[in-house]
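So you can see what is in the structure, the chains are spelled out below.
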Amino acid sequence: MAKISPLMLAPPLIFGAFAVMAGIGMFRDDPDALPSARQGQPSPPVVLTEFPGKTAFTDETLRDGEVKLVNYWASWCAPCRVEHPNLEALSKEGIPVYGINYKDKLDNAEAFLNELGDPYEGIGRDEKGRMALDWGVYGVPETYVVDGDGKIILRFAGPVTQRVIESTIRPALEEAKSD
């Protein structure tokens, strides 16, 4: 009888592991949602570079008793352009929106805001992306709902569209107000 090499078992074992992982992923509650280790926890420290000519924000700002949005964005990010009018509308409604310019050139970021408007009550720059790592950012745009105590209620990865506002952001804002 011929001997079977242990290497012959590797492909079926690898395929089996892949099938199990795919099955788990397909039957999650929301397979499109990205998990957030920060949801329900205090927001990480605010460590930003100044955005010249704009109002900065700090840790104390995130814990001032007001529910707010924190938005990571960049001028080179096409979906950031898509969501920008919606952030402006939320800001005009009186919802404080704080912006974190992510790994961007200052000139480009300034041109972006000059062209599209500035919905941010406070803004800073995360030039190297270090603060974004602490927040668990995968990429821009990402928006967080933060309650008045600085606790992250929601992390939303992707552009804030009208549908997202109604189905995801507003319910999280209401939850944050009721805490």
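This report concerns the structure included in the present document.

### A few points about the sheet that holds strand β5 (residues 142-146)
Consideration 1: Spatially, β1-β4-β3-β2-β5-β6 is the arrangement adopted by the six strands of the open sheet, whose pairing is mixed. On the outer flanks of this sheet lie β1 (49-50) and β6 (152-157), each paired with one strand and no other.
Consideration 2: As defined by bridge partners, strand β3 (residues 97-102) adjoins strand β4 (residues 122-126) across five bridges and the pair is classed as parallel. Bridge pairing links Tyr102 to Asp126 in β4.
Consideration 3: Running over the sheet, helix α6 (residues 162-178) touches β2 (68-73), β5 and β6 and is turned about 165 degrees from β6.

### Points about the pattern of salt bridges
Consideration 1: All told, the structure shown has eight salt bridges when counted by the stated rule.
Consideration 2: Put simply, Arg81 and Glu115 hold a salt bridge, and the shortest N to O gap is 3.2 Å. You can see Arg81 sitting in helix α3 (residues 78-92) and its partner Glu115 sitting in helix α4 (residues 106-116), a full 34 residues away along the chain.
Consideration 3: Overall, the relative accessible area of 35% leaves Arg81 in the partly exposed class.

### Some points on unusual backbone geometry
Consideration 1: Each neighbour pair has its own omega, and for Val140 with Pro141 the value is 0 degrees, a cis peptide bond.
Consideration 2: In this fold, Pro141 is placed in the loop between α5 (130-135) and β5.
Consideration 3: Within the chain, Lys103 stands out as a residue other than glycine whose phi angle is a positive 45 degrees.
Consideration 4: Inspection of the secondary structure assignment puts Lys103 in the loop between β3 and α4.

The rules behind each value
Residues numbered from 1 in each chain as written. Predicted model: local features only at pLDDT ≥ 70, side-chain atom pairs only at ≥ 80, totals over all residues. Heavy atoms only, no water. Pairing = 2+ DSSP bridges. Helix = DSSP H or I, 4+ residues; strand = E, 2+ residues; numbered from the N terminus. Contact = heavy atoms within 4.5 Å. Axes fitted to C-alpha atoms, helices over the stretch in contact; angles between N-to-C directions. Salt bridge = Lys/Arg side-chain N within 4 Å of Asp/Glu carboxyl O. Buried < 20%, exposed > 50% of the residue type's maximum accessible area, 1.4 Å probe, protein only.

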